[in-house]
Amino acid sequence: MEKLFESIRRIGFRRGPGRVVAGIGGSLAKKFGVNVWLVRLLIFLSFLLPVLGVGAYLLVWVLTPWQDGSIPLERALEARRLT
C-alpha cells in the first residue's frame with residue numbers, strides 16, 4: 001500500500017487552503033488550469049448521477065493528499081493498524 005500512496009503523492013494533487021467542502025474542486029481546477037467555480041458546478045452536477053457522482057467524489061476525497069502530503073485513507077489504515 002505504501003507504493004500506492006507514494007504514487008498518489010507524485011501526481012501533484014493537493015487540497016487547497018481555500019476549500020469550500022473538501023478541496024477537491026480547487027485541486028482539480030488548479031491542476032487543469034480551469035475556473036474553480038466551473039469545476040465545483042461540474043462536481044455538483046455529477047451528484048445527480050445515482051451512485052457514480054457521490055461514489056467518485058468520496059473515492060477522490062479519501063485519496064487526495066492534504067497540503068502536508070498526508071492522505072486520509074492512509075492515516076485511517078495506520079490508526080486501525082495501531083489499535
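Check the entry above for the structure.
Below: a short report on this structure. (Residues numbered from 1 in each chain as written. Predicted model: local features only at pLDDT ≥ 70, side-chain atom pairs only at ≥ 80, totals over all residues. Heavy atoms only, no water.)

**A look at the packing of aromatic side chains**
Link 1 in the chain: Under the defined criterion, the tally for this structure stands at 1 aromatic pair.
Link 2 in the chain: Judged by centre distance (5.5 Å) and plane angle (90°), the ring pair of F47 and Y57 falls under edge-to-face. Highlighted residues: F47 in the loop between α3 (36-46) and α4 (52-63) and Y57 in helix α4, separated in sequence by 10 residues.
Link 3 in the chain: For F47, a relative accessible area of 35% gives the class partly exposed.
Link 4 in the chain: The ring of W37 carries R40 above its face, with NZ or CZ at 4.6 Å from the centroid. (Phe/Tyr/Trp six-rings, centres within 6.5 Å; stacked < 30°, edge-to-face > 60°. Helix = DSSP H or I, 4+ residues; strand = E, 2+ residues; numbered from the N terminus. Buried < 20%, exposed > 50% of the residue type's maximum accessible area, 1.4 Å probe, protein only. Lys NZ or Arg CZ within 6 Å of the ring centre and 35° of its normal.)

**Section: α3**
Link 1 in the chain: Taken together, the buried positions of α3 are occupied by V39, R40 and I43. Summarising the axial view, the buried residues of α3 lie within an arc of 100°, below the 170-degree limit, and thus occupy one face. Relative to its buried face, α3 has exposed residues pointing more than 90 degrees away, namely W37 and F44.
Link 2 in the chain: Contacts made by the buried residues of α3 are with α2 (24-32) and α4.
Link 3 in the chain: Backbone nitrogen of W37 and a side-chain oxygen of the N-cap are separated by 2.7 Å at the start of α3; the cap is N35. (Arc of directions from axis to C-beta. Contact = heavy atoms within 4.5 Å. Polar contact = N/O pair within 3.5 Å; in protein donor to acceptor, adjacent residues only side chain to side chain.)

**Here's the deal with the pattern of salt bridges**
Link 1 in the chain: Within this structure, the stated rule accounts for 2 salt bridges.
Link 2 in the chain: Across the salt bridge formed by E74 and R9, the nearest N and O atoms sit 2.2 Å from each other. Taken together, the residues span a long stretch of sequence, with E74 in helix α5 (residues 72-82) and R9 in helix α1 (residues 2-11) at a distance of 65 residues.
Link 3 in the chain: Here E74 falls in the buried class, since its relative accessible area comes to 13%.
Link 4 in the chain: Ionic contacts of the salt-bridge type, sharing partners, join the residues E6, R9 and E74 into one network. (Salt bridge = Lys/Arg side-chain N within 4 Å of Asp/Glu carboxyl O.)

**Concerning the packing of α2 against α3**
Link 1 in the chain: It is the contact of α2 with α3, at a shortest axis distance of 8 Å, that shows an interaxial angle of 125°. In terms of orientation, α2 lies oblique with respect to α3. Along this stretch, α2 crosses α3, giving a crossing that reads as right-handed. Judged by residue contacts, I24, G25, G26, L28 and A29 of α2 engage V36, V39 and I43 from α3.
Link 2 in the chain: Residues belonging to the contact of α2 with α3 are distributed by class as follows: 6 nonpolar, 2 polar and no charged. (Axes fitted to C-alpha atoms, helices over the stretch in contact; angles between N-to-C directions. Parallel < 35°, antiparallel > 145°, perpendicular 65-115°, else oblique. Left-handed = near helix turned anticlockwise from the far one by under 90°. Nonpolar A, V, L, I, M, F, W, Y, C, P; charged D, E, K, R; others polar.)

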